[in-house]
Number of protein chains: 2
Amino acid sequence: MNEPRYQRRKEDRPQEIAEAAFEAFAENGYSGTRVEDVARRAGVSKGLTYLYFKTKEELFKAVIRNVVTRRVDALIRIVEETDLPSEDFVRGPMLDFMKTIPDSRVRIVIRLLLEEGPRHPDLVDYYYENVVCRGLAAIRRFVERGIERGEFRPTAINDLPQLFLAPVMLSVVWKILFAKHPLDTDRLIETHVEMLLDHFRARPE
Amino acid sequence: MNEPRYQRRKEDRPQEIAEAAFEAFAENGYSGTRVEDVARRAGVSKGLTYLYFKTKEELFKAVIRNVVTRRVDALIRIVEETDLPSEDFVRGPMLDFMKTIPDSRVRIVIRLLLEEGPRHPDLVDYYYENVVCRGLAAIRRFVERGIERGEFRPTAINDLPQLFLAPVMLSVVWKILFAKHPLDTDRLIETHVEMLLDHFRARPE
DNA sequence: ATCCTTGCTGACTCTCTGGTCAGTAACTAT
DNA sequence: ATAGTTACTGACCAGAGAGTCAGCAAGGAT
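Quick caveat: nothing in here was measured; it's all calculated off a predicted structure.

Rules behind the numbers
- Residues numbered from 1 in each chain as written.
- Chains lettered and ligands numbered in written order.
- Predicted model: local features only at pLDDT ≥ 70, side-chain atom pairs only at ≥ 80, totals over all residues.
- Heavy atoms only, no water.
- Domains from an automatic or database assignment.
- Contact = heavy atoms within 4.5 Å.
- Buried area = accessible area lost by both parts, 1.4 Å probe.
- Salt bridge = Lys/Arg side-chain N within 4 Å of Asp/Glu carboxyl O.
- Polar contact = N/O pair within 3.5 Å; in protein donor to acceptor, adjacent residues only side chain to side chain.
- Helix = DSSP H or I, 4+ residues; strand = E, 2+ residues; numbered from the N terminus.
- Nonpolar A, V, L, I, M, F, W, Y, C, P; charged D, E, K, R; others polar.
- Axes fitted to C-alpha atoms, helices over the stretch in contact; angles between N-to-C directions.
- Parallel < 35°, antiparallel > 145°, perpendicular 65-115°, else oblique.
- Least-squares fit on C-alpha atoms with pLDDT ≥ 70 in both.
- Near = heavy atom within 4 Å.

1. With respect to the domain arrangement of chain A
Residue and element names in this part refer to chain A.
Inference 1: The assigned domain composition of chain A is domain 1 (1–54) and domain 2 (56–200).
Inference 2: Distance between the C-alpha centres of domain 1 and domain 2: 31 Å.
Inference 3: Counting residues at the interface gives 19 residues for domain 1 and 15 residues for domain 2.
Inference 4: Taking both sides of the interface into account, the surface hidden between domain 1 and domain 2 amounts to around 1500 Å²; carbon and sulfur atoms contribute 70%.
Inference 5: Considering only the surface of domain 1 that becomes buried against domain 2, Phe 22, Phe 25 and Tyr 30 emerge as the three largest contributors, covering 47% of it.
Inference 6: Counting every contact that joins domain 1 to domain 2 gives one salt bridge.
Inference 7: Among the ionic pairs, Glu 19 bridges to Arg 105, the shortest N-O distance being 2.7 Å.
Inference 8: Taken together, domain 1 and domain 2 are joined by six residue pairs in polar contact (both at pLDDT 80 or more).
Inference 9: Taken together, the elements giving at least two residues each to the side of domain 1 that touches domain 2 come down to helix 1 (13–28), helix 2 (35–42) and helix 3 (46–52).
Inference 10: Here the residues of the side of domain 1 that touches domain 2 sort into eleven nonpolar, six polar and two charged.

What follows is the structure in structure tokens.
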């Protein structure tokens, strides 16, 4: 009646460990998480972690890359494929997308990047090129298309796609720091979007 | 010809050590800074640091409090004392104030709070009450005054003073992470302010 | 049943750093 | 001068946690 003490599951381990690491990092930050915590959470020994990830830093980078890759693609796809009028698109799919970010894994990733980024320039570069740049480029193309179609007037926002994301960023930071003082981030983002649209409609004086 | 190896300067030491600590934390973050680094930078021995600050954590908190207290007072004062029309005030003193933040010590404080905040709830509370709340309250009063005077129309921004600060926050985060990819934060903030004013003027449809 | 490969364990080492404290020397008072 | 006070030093300690590795046992091959 002696059950096996462990199973060999070479294929699944890396993913499981990375998942456990994400959770642990999310709760305690990078430097506040011990590799042994990650291992215990994944139900393995500390040694095994080091079989699949050379160092704690490697593990960290793998976790970030793992999480990040998907979500931007989603944004880019909905931007490229839509045939809605620009205003409707902003009020619809784009707004929905923006509202999901502050409660998604992206928030955790940003928190972790802010904590550890300065010590891992290559990781920040990776994030910049694969997420930030591509996301901003998609927004910029969307605005340009709106202008070509005559749905938007040309404004300074053309060069500043970051303006779309400003309230999202604020919401993320707020939720990291002031979780116990609730902020209606949905309403914040909605209002910001209305402002953007006002601005695209407004006559220069 | 033997010069004294050190001077006794009881009065100045705490401030000097706190200043050195701020610089060291700014460069390497909290956990990346050794107490000995701080001491060397301040030109004292490690032991002395512990004479004036009980623990590294105490030192950290003292540094944050030290930096933070002044700047909000400045904002509140200019808001309360101005007699400019609301639009002029926003385009003038308030805009100037907002533009200074991403390159000020506030940026460093936010970076440090994001790194260590989750492990020091009391420090976050202090920051929230003494900086965030008071700053937001000042903005809210300003908007209400504008509405009373008939210079602004009532909008959702009334309850969301955070919207004023969204691009400032984004600028801060951008400068923490992507220092090597310059962003024209002045222009970002100016454009955002123009959007805000458009919105206060716009007719509901 | 038995061997063999290798996924996996857990106790170990080693470094790093926060924190201590006995002793030293700078200033003061006489 | 000299003695007394205490700001200051620097060598030390202790704990924590990253990373290692010899050996064990799970599961497949024969």
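2. What about the packing of helix 5 (residues 86–100) of chain A against helix 7 (residues 121–148) of chain A?
Axes are the key here: two packed helices are described by the angle between their axes and the distance separating the axes.
All names here are of chain A.
Inference 1: The interhelical angle for the contact between helix 5 and helix 7, taken along N-to-C directions, is 150 degrees, at an axis separation of 10 Å. Considering the angle they form, helix 5 stands roughly antiparallel to helix 7. For the pair formed by helix 5 and helix 7, the contact residues are Ser 86, Phe 89, Val 90 and Met 94 on the first element and Ile 139, Phe 142 and Gly 146 on the second.

3. Quick notes on the relation of the copies chain A and chain B
Applying a rotation about an axis and a shift along it to one chain copy brings it onto the other copy.
Inference 1: Each copy of the sequence occupies a distinct position, and chain A is placed on chain B by a rotation of 180 degrees and an axial shift of 0.0 Å, giving an RMSD of 0.0 Å. Here the copies are linked by what is in effect a two-fold axis.
Inference 2: The fraction of interface residues of chain A whose copies in chain B are also interface residues reaches 100%, indicating that both copies meet through the same surface.

4. Quick look at the protein's contact with DNA strand D
Inference 1: Neighbouring residues of DNA strand D: 23 residues in total, closest Lys 46 of chain A together with Arg 8, Arg 9, Arg 13 and Tyr 52 of chain B.
Inference 2: Here a base nitrogen of DNA strand D and a side-chain polar atom of Arg 8 of chain A are 3.2 Å apart.
Inference 3: Separating a phosphate oxygen of DNA strand D from a side-chain N or O atom of Arg 13 of chain B is a distance of 2.8 Å.
Inference 4: When residues of the surface near DNA strand D are traced back to their parent elements, those giving at least two are helix 3 of chain A together with helix 3 (46–52) of chain B.
Inference 5: Broken down by class, the residue content of the surface near DNA strand D amounts to eight nonpolar, six polar and nine charged.

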